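# Per-entry structural report
Here is what each chain is made of, one letter per residue.
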Amino acid sequence: MNNLNVLYEDNHIIVVEKKPNILCQSDYTKDLDLLTMVKNYVKEKYNKPGNVYIGLVHRLDRPVGGIMIFARTSKAAARLSKLIQEHKMIKEYLLVCHNKLDNEGIMEDYIEKVDTKSVISNKLNGKYAKLEYQVLQRKDNLNLVKVNLITGRHHQIRLQFASRNNPLYGDQLYGKQNKKQIALFAYHLSFKHPVKDEIMDFKLIPKNGIWSEFDYEA
């Protein structure tokens with residue numbers, strides 16, 4: 001079933017791992033995307049005829065891997081979208097970045113999207129962007145960092161770190177042109193179930209590539 005790594009599923013939601021370099025949703029490239037993969041998985045597993053409803057409630061950049069949640073009903077999609085808008089969904093990332101960095105801190109900026117990139121802007125033209133970070137390990141000139149993403153702006157994490165001379169390892173757009181896989185992974189997702197009265201909590205630690213240089217466990 002599309003080699004999909006399903007972390008959890010019920011009648012309302014499905015939580016899966018997005019592999020790096022897979023699109024969240026179809027675009028002009030027509031490459032196979034995660035939304036289509038999830039639809040095909042549900043259609044095949046449950047023998048559903050016709051179109052299958054799967055709601056896309058958040059996104060990850062194409063090169064970025066990690067945990068994603070999809071809604072299986074329109075009611076669940078609306079409730080999950082509201083949680084995200086009200087900043088009630090915990091979204092934490094792991095990243096590897098270059099150069100010296102304080103042990104922990106907060107980054108606040110105004111970000112403006114310009115064509116396919118984003119830039120640090122001002123309050124008039126940009127959208128407020130905030131994240132919190134903590135350095136977990138250091139090795140040579142690299143830092144393994146945990147990020148709590150408070151707002152979800154376009155390329156926010158990548159831009160905010162790069163603008164402070166801490167570009168992400170393998171970031172082809174805001175960092176060094178070194179043909180490496182970007183080291184950014186959505187490793188922790190926590191939220192209130194859209195229907196049940198319970199907190200859903202998922203963690204997934206990347207292991208391959210540059211991640212193998214560190215030994216952090218969730």
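Cut-off values and rules
- Residues numbered from 1 in each chain as written.
- Predicted model: local features only at pLDDT ≥ 70, side-chain atom pairs only at ≥ 80, totals over all residues.
- Heavy atoms only, no water.
- Helix = DSSP H or I, 4+ residues; strand = E, 2+ residues; numbered from the N terminus.
- Buried < 20%, exposed > 50% of the residue type's maximum accessible area, 1.4 Å probe, protein only.
- Contact = heavy atoms within 4.5 Å.
- Core = buried A, V, L, I, M, F, W, Y, C linked by side-chain atoms within 4.5 Å.
- Polar contact = N/O pair within 3.5 Å; in protein donor to acceptor, adjacent residues only side chain to side chain.
- Expected span 1.5 Å × (residues − 1).
- Pairing = 2+ DSSP bridges.
- Phe/Tyr/Trp six-rings, centres within 6.5 Å; stacked < 30°, edge-to-face > 60°.
- Lys NZ or Arg CZ within 6 Å of the ring centre and 35° of its normal.

## Points about the environment of Val135
Considering the arrangement of structural elements, one finds Val135 in strand 8 (residues 127-139). Residue classification places Val135 among the buried residues on the basis of a relative accessible area of 13%. The contact partners of Val135, leaving out residues within four places of it in the chain, are Leu101, Asp102, Asn103, Asn143, Leu144 and Val145.

## As for the nonpolar core
Membership of the largest hydrophobic core comes to 33 residues, with the highest contact counts inside it found for Phe70, Leu95, Tyr133, Val145, Val147, Ile157 and Phe161. At the level of elements, strand 2 (13-18), helix 1 (34-45), strand 4 (65-71), strand 5 (90-98), strand 8, strand 9 (142-149), helix 3 (156-162) and strand 10 (184-192) are the ones that each hand at least two residues to this core. Looking at which element gives the most residues to this core, the answer is helix 1, with six residues. Residues in contact with Phe70, not counting those within four places in the same chain, are His12, Ile13, Ile14, Val16, Leu34, Leu35, Val38, Ile54, Gly55 and Leu56. Core analysis: the second largest hydrophobic core is formed by 30 residues, Ile69, Leu144, Phe191 and Met200 among them.

## So, the environment of Val119
Mapped onto the elements, Val119 comes out in strand 7 (residues 117-120). Considered as a pair, Val119 and His155 are 36 residues apart in the sequence and their alpha carbons are 9.2 Å apart. With residues near it in sequence (within four places) discarded, Val119 still touches Tyr110, Ile111, Glu112, Val114 and Leu159.

## Some points on the side chain of Thr151
Along the polypeptide, Thr151 turns up in the loop between strand 9 and helix 3. On the basis of relative accessibility, which here comes to 6%, the residue Thr151 falls in the buried class. Within the structure, Thr151 has its side chain in polar contact with the backbone nitrogen of Lys130 (distance 2.9 Å). Engagement of the side chain of Thr151 in a polar contact is seen with the side chain of Gln156, the distance being 2.9 Å. Once residues lying within four places of it in the same chain are set aside, the contact partners of Thr151 are His87, Tyr128, Ala129, Lys130 and Gln156.

## Notes on the environment of Ile84
Tracing the backbone through its elements, the reader meets Ile84 in helix 2 (residues 74-85). For the pair Ile84 and Val96, spaced twelve residues apart in the sequence, the C-alpha separation amounts to 25 Å. Each residue touching Ile84, except ones within four places of it in the same chain, is listed here: Val57, His58, Met89 and Lys91.

## Some points on helix 2
Helix length check: helix 2 (twelve residues) gives 16 Å between terminal C-alpha atoms against 16 Å at 1.5 Å per residue, within 8%. Buried residues belonging to helix 2 abut strand 2, strand 4, strand 5 and strand 10. Residue His87 follows helix 2 closely and has a positive phi angle near 55°.

## Here's the deal with the pairing of strand 2
Burial analysis of strand 2 places six of its six residues in the buried class, which makes it a mostly covered element. Of the two faces of strand 2, both are covered, the one formed by Ile13, Val15 and Glu17 as well as the one formed by Ile14, Val16 and Lys18. Examined bridge by bridge, strand 1 (residues 6-9) and strand 2 share three bridges and lie antiparallel to one another. Its bridge partner being in strand 2, Val6 is matched across the sheet by Val16. Hairpin remark: strand 1 followed by strand 2, antiparallel, with three residues in the connecting loop.

## With respect to the packing of aromatic side chains
In this description, a pair of aromatic rings is defined by centroid distance and the angle of the planes. Considering all chains together, one arrives at four aromatic pairs under this definition. Here Tyr8 and Phe202 contribute two aromatic rings whose centre-to-centre distance is 5.9 Å and whose plane-to-plane angle is 50°, an arrangement assigned as tilted. Placement of the pair is Tyr8 in strand 1 and Phe202 in strand 11 (residues 199-203), with a sequence separation of 194 residues. Site record: aromatic cluster; members linked through ring pairs are Tyr8, Phe191 and Phe202. Sitting over the ring of Tyr46, Arg72 keeps its end group 4.9 Å from the ring centre.

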